[in-house]
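Spelled out, the chains give:
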Amino acid sequence: MGNILRHIKHFSRNEDGVATLEFVIAFPFVFAMIVATFDAGLLMMKYVVLENALDRVVRDVRLTGIANGQAGVTFFKQEVCTIAQLIKDCQTNLHVEMTPIDTSSTFNPSAVTCVDRNANNPPATTFTTGSPDDIVYIRACLVVDRYFPSALSGIFTVDASGGIQLIADSAYVVEPL
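As the structure is a computational prediction, the values presented were derived from the model and not from experiment. (Residues numbered from 1 in each chain as written. Predicted model: local features only at pLDDT ≥ 70, side-chain atom pairs only at ≥ 80, totals over all residues. Heavy atoms only, no water.)

Caption draft 1: Structural detail: the pairing of strand β1 (residues 94–101). Within β1, six of the eight residues are buried, which leaves it mostly tucked inside the rest of the structure. Taken together, the eight bridges between β1 and strand β2 (residues 135–144) define a ladder with antiparallel strand orientation. Within the sheet, the bridge partner assigned to V96 lies in β2 and is A140. (Buried < 20%, exposed > 50% of the residue type's maximum accessible area, 1.4 Å probe, protein only. Helix = DSSP H or I, 4+ residues; strand = E, 2+ residues; numbered from the N terminus. Pairing = 2+ DSSP bridges.)

Caption draft 2: Structural context of the sheet that holds β2. Sheet architecture is open: three strands sit in the order β1-β2-β3, paired in antiparallel fashion. The open sheet has two edge strands with one neighbour each: β1 and β3 (164–173). Taken pair by pair, the neighbouring strands of this sheet meet at an average axis angle of 15 degrees, ignoring direction. The strands touched by helix α3 (residues 69–83) within the sheet are β1 and β2, with β1 carrying the most contacts at an inclination of about 120 degrees. (Axes fitted to C-alpha atoms, helices over the stretch in contact; angles between N-to-C directions. Contact = heavy atoms within 4.5 Å.)

Caption draft 3: Fine view of the side chain of K46. In this structure, K46 sits in helix α2 (residues 18–64). The side chain of K46 is buried and forms no salt bridge, while D145, the nearest opposite charge, is found at 7.1 Å. Setting aside anything within four residues of it in sequence, one finds K46 in contact with I87, V144, D145, Y147 and L166. (Lys, Arg positive; Asp, Glu negative; His and termini not counted. Salt bridge = Lys/Arg side-chain N within 4 Å of Asp/Glu carboxyl O.)

Caption draft 4: Seen up close, the nonpolar core. One finds L50, F76, L94, M98, I138 and Y172 to be the most contacted residues of the largest nonpolar core, which totals 31 residues. Here the element with the most residues in this core is α2; it accounts for eight residues. Residues contacting F76, with those up to four places away along its chain left out, are L54, V57, V58, V61, I66, V96, M98, F127 and I138. (Core = buried A, V, L, I, M, F, W, Y, C linked by side-chain atoms within 4.5 Å.)

Caption draft 5: Spotlight on a nonpolar patch on the surface. A grouping of F23, V24, F27 and F31 is seen on the molecular surface, where their side chains present a nonpolar patch of about 420 Å² in accessible area. Inspection of the secondary structure assignment puts F31 in helix α2. (Patch = residues over 30% accessible without salt bridge, like charges linked within 9 Å, V, L, I, M, F, W, Y side chains within 5 Å. Areas by Shrake-Rupley, 256 points an atom, 1.4 Å probe, with all protein chains shown as cover.)

Caption draft 6: Region of interest: the pattern of salt bridges. Under the criterion given, the structure shown has three salt bridges. Across the salt bridge formed by R139 and E97, the nearest N and O atoms sit 3.3 Å from each other. In this pair, R139 is assigned in strand β2 and E97 in strand β1, connecting sequence segments 42 residues apart. Each member of the pair, R139 as well as E97, carries the same accessibility label: buried. Between D145 and R117 there is a salt bridge, with the nearest N and O atoms lying 2.6 Å from each other. Taken together, the positions of D145 in the loop between β2 and β3 and R117 in the loop between β1 and β2 put the pair 28 residues apart, joining distant regions of the chain.

Caption draft 7: The arrangement of the packing of aromatic side chains in detail. Applying the stated rule across the entire model yields four aromatic pairs. Seen from their ring centres, F27 and F31 are 5.6 Å apart, and the 20 degrees between their planes marks the pair as stacked. Of this pair, F27 and F31 both sit in helix α2, four residues apart, roughly one helical turn. Relative to F127, the ring of F76 has its centre 5.9 Å away and its plane inclined at 65 degrees; by these criteria the two rings are edge-to-face. You can see F76 sitting in helix α3 and its partner F127 sitting in the loop between β1 and β2, a full 51 residues away along the chain. Of the two residues examined, F76 and F127, each falls in the buried class. Every member of this aromatic cluster is reached through a ring pair, and the members are F23, F27 and F31. (Phe/Tyr/Trp six-rings, centres within 6.5 Å; stacked < 30°, edge-to-face > 60°.)

Caption draft 8: Seen up close, the environment of M45. Along the polypeptide, M45 turns up in helix α2. Separated by 118 residues in sequence, M45 and G163 have C-alpha atoms that sit 16 Å apart.

So this is what it looks like as C-alpha cells:
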C-alpha cells in the first residue's frame, strides 16, 4: 500500500507533459475557430463575387435594357454567372427577380425566393423590367454549400438541402429612350 501511495505522490509532483495536456485541451477549440473562420471567409468571398456580378450586370441593363419574362431571366442569369466564375453551378443555384417599384406608396419587398435544390421545379419568377423613369428592384438569391458542413453547424442557417442562401439586391432607374 505504501508503494502505491509513493507512486501517486511522485506522479502528482511530476510536471512532465503539462504542455501536452494544455495542448490537448485547447487544440479542438482553436482548430474549430480556424475552420469556422476559413468557412465564413469563403462564404463571404462568394457573396462579394455575387454582389459584384449583380452590380455589373445591372449597370449593363441600365444602359442597354433587357427583355421581360423568361428570356430576360435567362440572359440575366447567364451574364451574372459569366462574371461570377468562382461560384460553382451558378446557373442552377441562382434565382433572380426584377420588380418595378411603385413610388406612390411604401416599398415592401416580398419574401425572398430561392432555389429549392430538393425540388425539380424552379421557383416562380417575377421579372418585369418596367417602363421609362420607373425604379426597378432586382434581387438575386444564390444557394451555396459550405466547405465544412459539419464543423460548427449551429453558426450558419441552412436550408433543407444543406445550402446557405446568399442574397444580393440592387435597384436602378429605367432611362427614357
